[in-house]
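Letter by letter, the chains look like this.
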Amino acid sequence: MIMETLRKYGQDFVASKLESLSGEARAKLEKQLSEIDFAELSELIRDYVLQKPVTEIPADLAPAPFFPFPAKDEAQEAYYEKARKEGEHLLAEGKVAFLVVAGGQGTRLGFDGPKGTYPITPIKHKTLFQYFAETISRVSKKYGRNLHWFIMTSELNDKRTREFFCENAYFGLGEENVTFFTQGTMPAISYEGKLLMNAPDSLALSPNGHGGTLLALKKSGALDEMKRRGVDYISYFQVDNPLAPMADPLFLGLHSLEKSEISSRMLPKTNPYEKLGNFCVSGGRLQIIEYSDMPAELAERRNPDGTLAFLSGSPAIHVISRTFVEELTKDGRLNMPWHRADKKVPYINENNELVKPEQPNAVKLESFIFDALPLAKHTLVLEGSRKDHFAPTKNATGVDSAESCRRMLCERDAERLDLAGKKVPRKADGTPDCLVEISPTAVCDNDDAVKILSDAKYKAPEPGSEVYYE
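Residues numbered from 1 in each chain as written. Predicted model: local features only at pLDDT ≥ 70, side-chain atom pairs only at ≥ 80, totals over all residues. Heavy atoms only, no water.

Colleague: How should the packing of aromatic side chains be read in this particular structure?
Modeller: Aromatic rings in a pair are described by how distant their centres are and how their planes are angled relative to each other. Considering all chains together, one arrives at 16 aromatic pairs under this definition. Ring geometry for phenylalanine 129 versus phenylalanine 164: centroids 6.3 Å apart, planes at 40°, classification tilted. With phenylalanine 129 in helix H6 (residues 128–143) and phenylalanine 164 in helix H7 (residues 158–167), the pair connects residues that are 35 residues apart, well separated along the chain. A ring pair is formed by phenylalanine 165 and phenylalanine 180, whose centres lie 5.2 Å apart and whose planes are at 75°; its orientation type is edge-to-face. Of this pair, phenylalanine 165 sits in helix H7 while phenylalanine 180 sits in strand S4 (residues 178–182), and the two are 15 residues apart along the sequence. Here the two residues phenylalanine 165 and phenylalanine 180 agree in accessibility, since each one is buried. Among the aromatic side chains, those forming a connected cluster through ring pairs are Phe129, Trp149, Phe164, Phe165, Tyr170, Phe171 and Phe180. The ring of tyrosine 468 carries lysine 124 above its face, with NZ or CZ at 4.8 Å from the centroid. Here the guanidinium or amino end of arginine 265 rests over the ring plane of phenylalanine 251, the centre of that ring lying 5.1 Å away. (Phe/Tyr/Trp six-rings, centres within 6.5 Å; stacked < 30°, edge-to-face > 60°. Helix = DSSP H or I, 4+ residues; strand = E, 2+ residues; numbered from the N terminus. Buried < 20%, exposed > 50% of the residue type's maximum accessible area, 1.4 Å probe, protein only. Lys NZ or Arg CZ within 6 Å of the ring centre and 35° of its normal.)

Okay, here's the thing in structure tokens:
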């Protein structure tokens with residue numbers, strides 16, 4: 001049957017390789033092929049490979065409206081307070097689950113392993129996974145409910161990620177409160193529309209993009225598990241951002257009160273060309289235009305007060321309604337657009353020799369989570385705080401690095417100590433003249449900091465000191 005399908009769709013090279021295999025090698029390739037919807041793939045090859053899609057900027061494109069933070073007036077602050085109470089209620093009722101996208105490796109960090117196993121905190125060197133786990137532990141204790149954590153891995157790091165959690169006894173969360181599922185893949189496709197193979201028994205596969213999270217939830221059964229557990233709302237964030245506000249009652253409450261299907265945090269951009277997607281509106285629907293696709297005239301447009309017109313950048317922090325994911329994936333397909341990336345993909349030739357091209361030779365197809373925005377009937381955008389919510393860990397040093405992330409974690413914790421009345425010594429430039437780290441098992445938000453760290457047993461740090469608070 002697979003052989004007939006391959007011939008039908010013109011994949012004769014793969015068919016010939018499959019025919020030459022037996023045993024485990026044949027079973028491996030057959031499994032990869034069985035997971036491909038060839039009818040859908042044929043359409044994608046036609047639309048995205050044999051022709052290069054052009055990103056069209058709608059004529060009516062306008063900046064997306066957003067809920068400002070802090071509130072602009074007393075009426076809005078009253079609404080925000082109502083939303084906070086709603087969010088706290090949802091957490092206490094177990095209506096919220098956490099979803100971290102953790103399919104990447106730590107290669108750019110100079111680290112051999114899943115990115116979530118990278119040590120990130122400034123004093124105790126806790127890993128990203130441990131930091132999130134301890135936050136979830138505190139949130140669960142605070143709201144009196146064991147809240148569930150869904151972790152999306154990739155085929156590359158799934159085994160090691162599961163082992164890591166076993167070795168660390170699930171960081172006290174309990175195995176029953178953590179669910180792993182694996183991101184889907186897509187085959188690399190030559191410019192002639194042929195599937196590439198990177199070994200005699202394997203297609204050249206790559207992750208299908210963070211939009212694939214939604215389909216992976218469906219195919220893995222995780223979506224059904226959410227429903228069984230009474231989870232209505234998914235708090236979505238990425239593993240490389242330990243400042244992600246995963247359990248923010250205001251954000252969760254606004255999502256519920258506004259009957260939003262997918263909600264987003266925004267960060268005010270620092271300049272017209274900052275590498276964040278732009279929140280925009282066209283035809284009454286929210287959408288994101290990538291920074292690389294944004295025309296200069298729009299990117300640089302200013303309001304009368306000098307602020308950027310297209311101010312809102314996306315840090316990939318969302319709340320998503322479970323029923324919306326069910327709708328998007330109901331027929332077992334991901335009903336969202338795809339994106340083409342031209343790549344240099346090593347491949348085997350007729351003689352099973354691995355060829356490493358010097359120029360792009362193939363297309364990798366990815367879906368992006370933000371493409372769900374224009375498909376939703378109701379959406380909202382809430383302003384976030386860069387220093388409180390966004391410390392991406394993408395590089396070892398420099399911008400968006402482990403270095404900058406540790407500095408931001410220290411600065412955020414120093415602010416929490418100040419809020420609790422524990423005055424932090426400062427350098428002339430205002431940065432902490434000490435190294436501080438607060439355990440998320442003790443404090444998960446500013447409200448916690450004020451209530452807990454104000455206790456007399458917690459002392460203010462001395463200049464030049466290193467202090468860990470737990």
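That was the structure; now back to the text.
Colleague: What is the right way to look at the environment of glycine 253 in this model?
Modeller: With respect to the element layout, glycine 253 can be found in helix H10 (residues 249–257). The spatial distance from the C-alpha of glycine 253 to the C-alpha of glutamate 81 is 9.3 Å, given a sequence separation of 172 residues. Here glycine 253 is in contact with Ala83, Glu86 and Gly87, once residues within four sequence places are set aside. (Contact = heavy atoms within 4.5 Å.)

Colleague: Explanation requested: the sheet that holds strand S16 (residues 339–343) in the structure shown.
Modeller: The pairing of strands in a sheet happens through backbone hydrogen bonds and is either parallel or antiparallel. Here three strands make up an open sheet; going across it, the order is S6-S19-S16 and the pairing antiparallel. The sheet is open, and its two edges are formed by strand S6 (189–190) and S16, each paired on a single side. Where S6 lies against strand S19 (residues 362–366), two bridges are found, and the strand directions are antiparallel. Residue pairing across strands places isoleucine 189 opposite valine 363, the latter belonging to S19. (Pairing = 2+ DSSP bridges.)

Colleague: Can you help me understand the nonpolar core in this one?
Modeller: For soluble globular proteins, nonpolar side chains are generally found buried alongside one another. Of all hydrophobic cores here, the largest spans 52 residues; its most connected members are Phe98, Phe129, Trp149, Ile151 and Phe165. If you tally residues by element for this core, the top one is H6, at eight residues. If near-sequence neighbours (up to four positions away) are discounted, phenylalanine 98 is found in contact with Ile136, Val139, Leu147, His148, Trp149, Phe150, Ser235, Phe237, Met246 and Ala247. The next biggest cluster of nonpolar side chains, apart from the first, holds 35 residues, and it includes Leu99, Tyr236, Met266 and Phe324. (Core = buried A, V, L, I, M, F, W, Y, C linked by side-chain atoms within 4.5 Å.)

Colleague: What exactly am I supposed to notice about the environment of phenylalanine 310 here?
Modeller: In this structure, phenylalanine 310 sits in the loop between helix H11 (296–299) and strand S14 (312–314). With relative accessibility at 0%, the residue phenylalanine 310 sits in the buried group. Those residues in contact with phenylalanine 310 that lie beyond four places of it in its chain are Leu61, Ala62, Pro63, Lys269, Asn278, Phe279, Cys280, Met294, Leu298 and Arg301.

Colleague: I tried to follow the packing of helix H5 (residues 74–92) against H10 on my own but got confused; where do I start?
Modeller: Each packed pair of helices is defined by two parameters, the angle between the axes and the distance between the axes. Where H5 meets H10, the closest approach of the two axes is 6 Å, and the angle between their N-to-C directions is 95°. Classified by the angle their axes make, H5 and H10 are roughly perpendicular. Where H5 approaches H10, its residues Tyr79, Tyr80, Lys82, Ala83, Arg84, Glu86, Gly87, Glu88, Leu90 and Leu91 are matched on the opposing element by Pro249, Leu250, Leu252, Gly253, Leu254, Ser256 and Leu257. Partitioning the contact of H5 with H10 into residue classes produces ten nonpolar, three polar and four charged. (Axes fitted to C-alpha atoms, helices over the stretch in contact; angles between N-to-C directions. Parallel < 35°, antiparallel > 145°, perpendicular 65-115°, else oblique. Nonpolar A, V, L, I, M, F, W, Y, C, P; charged D, E, K, R; others polar.)

Colleague: Looking at this structure, how should I read the packing of helix H14 (residues 402–419) against helix H15 (residues 446–453)?
Modeller: Interhelical geometry of H14 versus H15 gives an angle of 50° and a closest axis separation of 8 Å. Between H14 and H15, the angle falls in the class oblique. Here H14 runs over H15; the crossing is right-handed. On the side of H14, the interface is formed by Arg416, Leu417 and Leu419, while H15 contributes Asn446, Ala449, Val450 and Leu453. The class makeup of the residues in the contact of H14 with H15 is five nonpolar, one polar and one charged. (Left-handed = near helix turned anticlockwise from the far one by under 90°.)

Colleague: Would you mind going over H15 with me for this structure?
Modeller: Note on helix geometry: an α-helix contains 3.6 residues per turn, so any two residues three or four positions apart are oriented the same way. Here H15 has its buried residues at Asp448, Ala449 and Leu453. End-on view of H15: buried residues confined to an arc of 100°, all on one side of the axis. Buried residues along H15 sit against H6, H14 and strand S21 (435–438). (Arc of directions from axis to C-beta.)

Colleague: Before we go on, may I ask you to explain H5 in this structure?
Modeller: The first and last C-alpha atoms of H5 sit 27 Å apart over 19 residues, in line with the 27 Å expected at 1.5 Å per residue. Within H5, the full set of buried residues consists of Gln76, Tyr80, Ala83, Gly87, Leu90 and Leu91. Buried residues of H5, viewed axially, fall in a sector of 90°; they line one side. Exposed and facing more than 90 degrees away from the buried side of H5 are Glu74, Ala75, Lys82 and Lys85. One side-chain oxygen at the N-terminal end of H5 lies 3.3 Å from the backbone nitrogen of alanine 75; it belongs to aspartate 73. (Expected span 1.5 Å × (residues − 1). Polar contact = N/O pair within 3.5 Å; in protein donor to acceptor, adjacent residues only side chain to side chain.)

Colleague: Where do I start with the pairing of strand S12 (residues 277–282) in this structure?
Modeller: Successive residues of a regular strand alternate their side chains across the two faces of the sheet. For S12, a buried count of five out of six residues is recorded, marking the element as mostly surrounded by other parts of the structure. With two bridges connecting them, strand S1 (residues 62–63) and S12 associate as antiparallel partners. Directly across from alanine 62, in S12, lies its bridge partner valine 281. Across two bridges, the pairing between S12 and S14 is antiparallel. Following the sheet pairing, asparagine 278 is matched in S14 by glycine 313.

Colleague: Even after reading the chapter, I still don't get the pattern of salt bridges, so can you show me in this structure?
Modeller: Pairing between side chains of opposite charge can happen when the charged atoms of each approach one another. Within this structure, the stated rule accounts for 37 salt bridges. A salt bridge links lysine 330 to glutamate 327, with the nearest nitrogen and oxygen atoms 2.9 Å apart. Glutamate 415 is paired through a salt bridge with lysine 387; the nearest N and O atoms lie 3.0 Å apart. Of this pair, glutamate 415 sits in helix H14 while lysine 387 sits in helix H13 (residues 386–389); the two residues are 28 residues apart in sequence, bridging distant segments of the chain. Each of Arg138, Lys142, Asp445, Asp447, Asp448 and Lys451 takes part in one network of salt bridges that share partners. (Salt bridge = Lys/Arg side-chain N within 4 Å of Asp/Glu carboxyl O.)

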